[in-house]
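So the chains spell out like this:
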Amino acid sequence: METLAMHISNGIIDGPVAAVFAALALAALTGCVLRGRRDLDDRLAPMAGLVAAFIFAVQMLNFPIFTAGVSGHLLGGALAAMLVGPWVGALCVAVVLVVQALIFGDGGVAMLGLNITNMALLGTAAAYLLIAVLLRVLPRTRAGLAVTAFVSAMVSVVVASQGFVLQYWLGGTTDLGGNLAGLAGTMAGVHLLIGIGEGLITATTVLTVAKVRPDLVYALRGLRSTSAPAVPVVGGVR
Amino acid sequence: MKNRSWGFLVGGLLVALLLAGVVSNYASSHPDGLDSSLLKGCTVDADDTIVGGSCPAQQAREHELGDSPLADYGVQGVGNDFLSTGLSGVLGVLITFAIGAGGFWLLRRRGGTSTPGDTATPVEGATPAEGDAATTSRAGTAG
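The residue numbers shown here count from 1 along each chain, following its written sequence. In the order they appear in the text, chains get letters beginning with A and ligands get numbers beginning with 1. The predicted nature of this model means local features are confined to residues of pLDDT at least 70 and side-chain atom pairs, given and counted, to a pLDDT of 80 or more, with totals for whole chains, interfaces and linings taken over all residues.

Asks: Got a minute to help me understand the overall build of chain B in this structure?
Replies: Numbering goes from the N terminus for both helices and strands, where a helix is a DSSP run of H or I of at least four residues and a strand is a run of E of at least two. Within chain B, the secondary structure is distributed over five helices and two strands. In chain B, the succession of α and β elements from N to C terminus is α-α-β-β-α-α-α. Field definition: a residue is buried when 20 or more other C-beta atoms are found within 10 Å of its C-beta, exposed when 12 or fewer are, and partly exposed for counts in between, with C-beta atoms placed from the backbone. Across the 143 residues of chain B, 27% fall into the buried class. Contact between two residues is assigned whenever their backbone-derived C-beta positions fall within 7 Å. For chain B, the share of sequence-separated contacts (at least 6 apart) that also reach a separation of at least 24 residues comes to 30%.

Here it is, written out as structure tokens:
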């Protein structure tokens, strides 16, 4: 068994369910392409490529969580949604997952639809719904932006983990003897801890980009600048 | 694209290359959240191979492309682990960027350059660039 696998491996979910999710993912990604084209201009296109490359890099950095013997790594849906929007963001994560499955032997090729559904689609969608709400509710300061990034990232990881539980319920290859709740609980607990790491990485990255190039943060478009009044404060803190 | 965008792009890529090329060697080698949850109930040996028990991962099969040159985040034929992981990370970042940026470039909206982003981004004026601030204050003193 490969020890470096980060995503769903072959044989975990049965073939028919994996095929259904592959079709589902393909349809949803097509929708993302159609809708995402509206956002993709000469400037966003290379940035979206950078976001995908950055997510690939950070996914390699498994960090320890408080539970002994377990690590976590970035999924990236919330980060992508913050920086390039939900449609292009989902495509960024999908590009990473495809590269990992086809070139790095990580995540079964037959399981690609399941992995894309959980991390690229569910994770990004959950993150963006929260981002849209939080950015309107929270004060438009760098702290508000940080909380938005952190919370949306953390929740998106837990949502993605439950997407897997749903898939396992539909087509898991090992009979858990009706103990699906146990798997759901384990996955949620571990991914809540991983979500803290995801939240910290996402908030740090988004704040850095917002400081250097606030115009490159998709989530800030259409809102009055959060950074203008807060910049002196941040300069003082750092 | 403006020069500043190129700078940001190159800077971002360098950070990604550094993370994937060097820092990746210091990543935790423990199974991740998914793997560990799926192994719950099974006993595994030092190589994380299942040796007994019953768990969701027990039917796991080999990867279709497990023999590919970059499988498992290493470069086949490179003996040094540090080099192998780092090199695979660097290649992964470059491949992902090439496919991502290339694909998005082909998909992008063409023609209508009057995107809200290029000309009148509301936040652009608020860029806390040191240069801008300096210019403004100097202009202020001069006036």
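Asks: What is the right way to read the overall build of chain A from this model?
Replies: Scanning chain A from terminus to terminus reveals eight helices and two strands. What the globule rule says is 2.2 Å times the number of residues to the power 0.38, and the radius of gyration is computed from C-alpha atoms. Taken over C-alpha atoms, the radius of gyration comes to 18 Å for chain A, in line with the 18 Å a tight globule of 238 residues would show. C-alpha extents for chain A along the principal axes are approximately 55 × 40 × 30 Å. Per-residue burial for chain A yields a buried fraction of 61% across its 238 residues. Taking as baseline every contact in chain A between residues at least 6 positions apart, the subset at least 24 positions apart corresponds to 75%.

Asks: Is there a simple way to think about the interface of chain B and chain A in this case?
Replies: Much of the literature gives interface size as the accessible area that the parts lose upon coming together. The partner chain A presents 73 residues to the 70 residues of chain B that form the contact. Contributions of two or more residues to the side of chain B that touches chain A are made by helix H1 (3-21), helix H2 (33-38), helix H3 (81-107) and helix H4 (116-119) of chain B. Ranked by residue count, the leading element in the side of chain B that touches chain A is H3(B), at 13 residues.

Asks: What is the right way to read unusual backbone geometry from this model?
Replies: All names here are of chain B. Although it is not a glycine, Asp-72 sits at a positive phi angle of roughly 60°. Take Asp-72: it is sitting in the loop between strand E2 (50-53) and H3. Accessibility expressed as a C-beta count within 10 Å gives 18 for Asp-72, which makes it partly exposed. Of note in the backbone geometry, Tyr-73 takes a positive phi value of approximately 55° without being a glycine. Structurally, the position occupied by Tyr-73 is in the loop between E2 and H3.

Asks: Would you mind going over the environment of B:Gly74 with me for this structure?
Replies: Residue and element names in this part refer to chain B. Examined against the element boundaries, Gly-74 turns out to sit in the loop between E2 and H3. Gly-74 sits in the buried class, given 20 other C-beta atoms within 10 Å. Residues Gly-74 and Gly-33, spaced 41 residues apart in sequence, show a C-alpha to C-alpha distance of 22 Å. Residue contacts for Gly-74: discarding those within four places in its chain leaves Ser-84, Thr-85 and Ser-88.

Asks: How should I be thinking about helix H5 (residues 112-137) of chain A in this particular structure?
Replies: Residue and element names in this part refer to chain A. Here the expected length of a helix is defined as 1.5 Å per residue gap, with one fewer gap than residues. Across its 26 residues, H5 extends 36 Å between first and last C-alpha, which sits within 8% of the 38 Å expected from 1.5 Å per residue. Bending is quantified residue by residue as the angle between axes fitted to the seven-residue window ending at that residue and the seven-residue window starting at it. Most pronounced at Leu-122, the bend in H5 amounts to some 30°. Within H5, 19 of the 26 residues are buried, which leaves the element mostly enclosed by the surrounding structure.

Asks: Sorry if this is basic, but what is going on with the packing of H1(B) against H3(B) here?
Replies: Helices that pack against each other are described as a pair by the angle of their axes relative to one another and the distance between those axes. Residues and elements named next belong to chain B. With their axes 7 Å apart at the nearest point, H1 and H3 run at an angle of 145° to one another. Pair H1 / H3 crosses with right-handed handedness. Facing Leu-13, Ala-16, Leu-17, Ala-20 and Gly-21 of H1, the residues of H3 in contact are Gly-86, Gly-89, Val-90, Gly-92, Val-93 and Phe-97. Split by residue class, the contact of H1 with H3 holds seven nonpolar, four polar and no charged. Note on geometry: axes are lines fitted to C-alpha atoms, helical ones only across the stretch in contact, with angles between N-to-C directions running from 0 to 180 degrees. Note: crossing handedness is left-handed where the near helix turns anticlockwise from the far helix by less than a right angle, and right-handed where it turns clockwise. Polarity classes work like this: nonpolar for Ala, Val, Leu, Ile, Met, Phe, Trp, Tyr, Cys and Pro, charged for Asp, Glu, Lys and Arg, and polar for all others, with Gly in that last group.

Asks: What should I look at first to understand the nonpolar core in this one?
Replies: Generally speaking, soluble globular proteins have nonpolar side chains that are buried together. Core analysis: the biggest nonpolar cluster contains 109 residues, and A:Ala48, A:Val51, A:Ile55, A:Met82, A:Leu83 and A:Cys92 have the highest contact counts within it. Domain start and end points were adopted from an automatic or database domain assignment. Among the domains, domain 1 (34-61) and domain 2 (74-109) of chain B are the pair contributing at least three residues each to this core. When buried Ala, Val, Leu, Ile, Met, Phe, Trp, Tyr and Cys residues are joined through C-beta atoms within 7 Å, the set is termed a nonpolar core.

Asks: Is there a simple way to think about the packing of helix H2 (residues 44-59) of chain A against H1(B) in this case?
Replies: At a minimum axis separation of 8 Å, H2(A) and H1(B) run at an interaxial angle of 15°. Here H1(B) runs roughly parallel to H2(A), going by the angle between their axes. In the packing of H2(A) onto H1(B), the handedness of the crossing is left-handed. In contact with A:Pro46, A:Leu50, A:Ala53, A:Phe54, A:Phe56, A:Ala57 and A:Val58 of H2(A), H1(B) contributes B:Leu9, B:Gly12, B:Leu13, B:Ala16, B:Leu19 and B:Ala20. Residue composition of the contact of H2(A) with H1(B), by class: twelve nonpolar, one polar and no charged. Roughly parallel means an angle under 35 degrees; roughly antiparallel, over 145; roughly perpendicular, 65 to 115; everything else is oblique.

Asks: Would you mind going over the environment of B:Val93 with me for this structure?
Replies: Tracing the chain through its elements places B:Val93 in helix H3. The spacing of B:Val93 and B:Gly52 is 41 residues in sequence and 38 Å in space, taken between C-alpha atoms. Residues within four places of B:Val93 in sequence aside, it is in contact with A:Ala53, A:Phe56, A:Ala57, B:Ala16, B:Leu17 and B:Ala20.

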